[in-house]
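Summary of the model geometry
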Amino acid sequence: DEVLHVVPETFQQVQHLQLLCSTFMLDLRKPLLPEDIRAGEDLHIRVPAPLEQEVKNSLDQHMISYRVLIPDVQKLVDQSMPRERSSNRQVSGGYVYTKYHPMEEIYQWMTQIQKNNSELVTQHILGKTFEGRTMYYLQISQPSNKPKKIIWMDCGIHAREWISPAFCQWFVKEILQNYNTDPKISRFLQNLDLYVLPVLNIDGYIYSWEKDRLWRKSRSPYENGTCYGTDLNRNFNSSWGSVGVSFNCSSDVFCGSGPESEPETKAVAQFIKSKKSDILCYLTIHSYGQLILTPYGSTTKPPSNNEELMQVAKEAAAALTGKYGTSYRVGSTALILYNNSGSSRDWAHMIGIPLSYTFELRDTGTHGFVLPPDQIQPTCEETM
Amino acid sequence: RAMELPPGHFPAARAAAAALGYLRYLRGGPGRGLHLRELRRARRQDIDDVGHKYYLELELEDVLDKDSTVSCTAEVLYHLGSKSSAPDVQVTVQGELRSTEQADKEFYNRIRSLEKELVAENIPDSHGNVPPELEPIHLLAWVASGYVIWQNSTENTKLHLAQVKHVKQVKRSDEDLQFDFVVLLHEMVSQEVLPWQVTLLWHPQHGARVSQSRAAGAGS
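Residues numbered from 1 in each chain as written. Chains lettered and ligands numbered in written order. Predicted model: local features only at pLDDT ≥ 70, side-chain atom pairs only at ≥ 80, totals over all residues. Heavy atoms only, no water.

Chain B goes by LXN protein in an unreviewed UniProt entry, where it is assigned to Prunella fulvescens.

In the annotation of an unreviewed UniProt entry, chain A is listed under the name Carboxypeptidase O and assigned to Prunella fulvescens. The heading Function (unreviewed entry) in the UniProt record of chain A holds the text "Carboxypeptidase which preferentially cleaves C-terminal acidic residues from peptides and proteins. Can also cleave C-terminal hydrophobic amino acids, with a preference for small residues over large residues." As recorded by UniProt, the Cofactor (unreviewed entry) comment attached to chain A reads in full: "Zn(2+)". (UniProt positions renumbered as here; feature names shortened; annotations may be inferred.)

In structure tokens:
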């Protein structure tokens, strides 16, 4: 961030500066309020790094002269006080990202994240689970007057894949901690909004903490309450019920009583449908397998933009491997894993979202679903 | 007559999982756990009236010695039409696996000298942790589940050990150690978690053998 020293000369320039401050929500150091800006009087404004160029362009356009008072606010701050070793403090008050958290703590974390980062983060309701729990997603969006494309990421559609919600939380933390200092992230946020759903299958996740660590599905009852749970990733309206599913509730790939029969599926589908023309990329995070999977699961016929999908995925896999040497395979579910229908990723692509991927995080079977917490950090860092 | 298969696609990967199960049973122990680092090459041959035979080139690593890897070739023959017979597996390990003689002896003596029979559950625990003193038991569970995985693999399954639900040592009058395991196997295609009861006998010189195994009723 920079602090600029400006002296407006005319009333028009004053008006323009007032507009600039309110549009970009700039931090006025002197005077404190926009209405106190006067022609001929010193003005000090703090400009966040990602907006520096734009603000200066605007000043130039209106022939308002300025000079840089403080070229790097953070450096000054660092020099004047001992730097916190863990900068988690600013983002979310001491939350430990290198261990697994129960749902109650994840709910609290979301509230905290929004509170501590309210300039970028808003928390929204997506819907309710079968057992009546509220599904929240976080929107990370830099204020701007230009419309932005969206990247959607959901975690925890399968209860036992604990590394998945851990990754969503890590991801949010990384973005918020570094958007000021990492030019890649700040450029990212200038043009894109991030929507993150940390736990999609909340009922199942809680059940895997309290009753059965290896539970996969949701917790909706079938057959008169003698059988529970739909595989939410077989419940979407993408060739629903055609292959790689069971119509028997006791199966772990039970696809539900119909496409979008489950409230969790409906909540996600409804929202994504409503924003689909703005969504550039749909990501859904699973474990395990170390794979980046492209559409489709229901057929080996490649999607229309397969080359692009594969290209991007291969680059992602290469970047991932570059971090710790972890190797990821890339390809369609139908070729790499098995046939399945009703997956969220296939559905997202079928309704028109061009880039749609399933990530299967670490590992390849040594620990499987019970990935030890000392692998949370490297898994998240490489996937980032 | 053998067709080259993409090693990243599921038919080869499933055969490799069966081969790995067999390898763990054959060569694993309380001081050695083999893991598949990479499937380098796979071919398949359809043999009339017999079945499908896979030729695999694997790169293995010992989880207790991650820096070194060992190459291995495997042949996995799935019998035609037979749902209940195990695939025939043959393996050739190229090079030497790190010796576990010392660790095996120490483990053997430690268990033999226990006053109360060892009992443990949930290895790893829900968070993925294994207490260090239970790591050899964990690796013996890999041996036991390796047998079950090998015996129950088909071209339509891919089995991995998900968790050891329960283990109980049973003292014997002969020199073997006996462990009764309940292991949870994750089957990738159906996504089911299958509990199996397996009794494993082990001795530092004689190696491991499964004396009985059966699918357990669902009960957790």
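1. Focus: the overall build of chain B
Within chain B one finds 3 helices and 10 strands. Counted from the first residue to the last, chain B has its helices and strands arranged as β-α-β-β-β-β-α-β-α-β-β-β-β. Each principal axis of the C-alpha distribution contributes one length, and for chain B these read about 60 × 40 × 35 Å. Within the span of chain B, comprising 220 residues, buried residues form 50% of the whole. Element-wise, carbon and sulfur atoms account for 45% of the exposed surface of chain B, whose accessible area totals about 10500 Å². (Helix = DSSP H or I, 4+ residues; strand = E, 2+ residues; numbered from the N terminus. Buried < 20%, exposed > 50% of the residue type's maximum accessible area, 1.4 Å probe, protein only. Areas by Shrake-Rupley, 256 points an atom, 1.4 Å probe, with all protein chains shown as cover.)

2. Here we look at empty space enclosed by the protein
Residue and element names in this part refer to chain A. Overall, the coordinates contain 3 cavities of 30 Å³ or more when judged by the stated rule. Empty space within the largest cavity amounts to approximately 160 Å³. Contributing elements (two or more residues each) for the lining of the largest cavity: strand E11 (279-287) and strand E14 (355-361). Taken as a whole, the second largest cavity holds about 50 Å³ of empty space. Contributing to the lining of the second largest cavity are Tyr 95, Val 96, Tyr 97, Lys 99, Tyr 100, His 101, Trp 162, Pro 165, Ala 166, Gln 169 and Tyr 205. Grouping the constituent residues of the lining of the second largest cavity by class yields 8 nonpolar, 2 polar and 1 charged. (1 Å grid on protein atoms, 1.4 Å probe; cavity = no way out; pocket = protein on both sides within 12 Å on 5 of 7 lines; lining within 4 Å. Points joined across faces, edges and corners; volume = space filled by probe spheres on them. Nonpolar A, V, L, I, M, F, W, Y, C, P; charged D, E, K, R; others polar.)

3. Details of the UniProt feature "active site" (unreviewed entry) in chain A
Residues and elements named next belong to chain A. According to UniProt, the feature "active site" (unreviewed entry) maps to Glu 360 in the numbering used here. Along the polypeptide, Glu 360 turns up in strand E14. Using a relative accessible area of 8% as the deciding quantity, one classes Glu 360 as buried. Glu 360 has contacts with His 286, Ser 287, Tyr 288, Gly 289, Gln 290, Leu 291, Leu 293 and Tyr 328, leaving out every residue within four places of it along the chain. (Contact = heavy atoms within 4.5 Å.)

4. What to know about the sheet that holds strand E2 (residues 27-30) of chain A
All names here are of chain A. Strand order in the open sheet made by the 4 strands is E2-E3-E1-E4, with antiparallel pairing throughout. Only two strands of the sheet have a single neighbouring strand rather than two, namely E2 and strand E4 (66-70). Neighbouring strand axes in the sheet, compared pairwise and without regard to direction, differ in orientation by 35° on average. Pairing between strand E1 (residues 2-6) and E4: 4 bridges, direction antiparallel. When the sheet's bridge partners are listed, Leu 4 is paired in E4 with Val 68. Against the sheet, helix H2 (residues 52-61) engages E1, strand E3 (43-47) and E4, with an angle of about 10° to E1. (Pairing = 2+ DSSP bridges. Axes fitted to C-alpha atoms, helices over the stretch in contact; angles between N-to-C directions.)

5. A few points about the nonpolar core
Residues A:Trp109, A:Ile113, A:Leu126, A:Trp152, A:Val268 and A:Ile272 are the most contacted members of the largest nonpolar core, which totals 74 residues. For this core, the element with the highest residue contribution is helix H6 (residues 163-178) of chain A, accounting for 9 residues. Not counting residues up to four positions away in its chain, the partners in contact with A:Val268 are A:Leu126, A:Met135, A:Trp152, A:Leu197, A:Leu200 and A:Phe236. Residues B:Tyr54, B:Val89, B:Leu139 and B:Leu159 belong to the second largest nonpolar core, which totals 59 residues. (Core = buried A, V, L, I, M, F, W, Y, C linked by side-chain atoms within 4.5 Å.)

6. Quick notes on the sheet that holds strand E7 (residues 149-155) of chain A
Residue and element names in this part refer to chain A. Strand order across the open sheet formed by 8 strands is E5-E6-E8-E7-E11-E14-E12-E13, with mixed pairing between neighbours. The two strands at the open ends of the sheet, each matched to only one other strand, are strand E5 (121-128) and strand E13 (329-332). Each adjacent strand pair in this sheet contributes to an overall mean axis angle of 20°, direction not counted. Relative to strand E6 (residues 134-140), E5 runs antiparallel, the two being bridged by 7 bridges. Along E6, the bridge assignment pairs Thr 122 with Gln 139.

7. Structural notes on the domain arrangement of chain A
All names here are of chain A. By domain assignment, chain A separates into domain 1 (2-78) and domain 2 (103-211 + 236-383). Computed over C-alpha atoms only, the centres of domain 1 and domain 2 are separated by 40 Å. Contacts between domain 1 and domain 2 engage 4 residues on the former and 6 residues on the latter. Of the roughly 480 Å² buried between domain 1 and domain 2 on both sides combined, carbon and sulfur atoms contribute 61%. Considering only the side of domain 1, the residues that lose the most area to domain 2 are Thr 23, Met 25 and Pro 50, jointly responsible for 66% of the buried surface there. Across the domain 1-domain 2 interface, the total number found is 0 salt bridges. Taken together, the connections running from domain 1 to domain 2 amount to 1 residue pair in polar contact (both at pLDDT 80 or more). (Domains from an automatic or database assignment. Buried area = accessible area lost by both parts, 1.4 Å probe. Salt bridge = Lys/Arg side-chain N within 4 Å of Asp/Glu carboxyl O. Polar contact = N/O pair within 3.5 Å; in protein donor to acceptor, adjacent residues only side chain to side chain.)

8. Some details on the pairing of strand E5 (residues 88-94) of chain B
All names here are of chain B. Going residue by residue along E5, you find Val 89, Val 91 and Val 93 tucked away on one face and Asp 88, Gln 90, Thr 92 and Gln 94 left uncovered on the opposite face. Direction of pairing for strand E4 (residues 65-79) relative to E5: antiparallel, over a ladder of 7 bridges. Within E5, the position partnered with Leu 77 by the bridge is Asp 88.

9. Thoughts on the interface of chain B and chain A
Taken together, the contacts link 27 residues of chain B with 29 residues of chain A. Contact between chain B and chain A buries roughly 2300 Å² in total, counting both sides, with carbon and sulfur atoms accounting for 54%. Taken as a group, B:Phe10, B:His127 and B:Gln191 account for 24% of the area that chain B buries against chain A, more than any other trio of residues on that side. There are 0 salt bridges connecting chain B and chain A. One can count 10 residue pairs in polar contact (both at pLDDT 80 or more) joining chain B with chain A. Broken down by element, the side of chain B that touches chain A gets its largest block of residues, 4 residues, from strand E7 (residues 159-170) of chain B.

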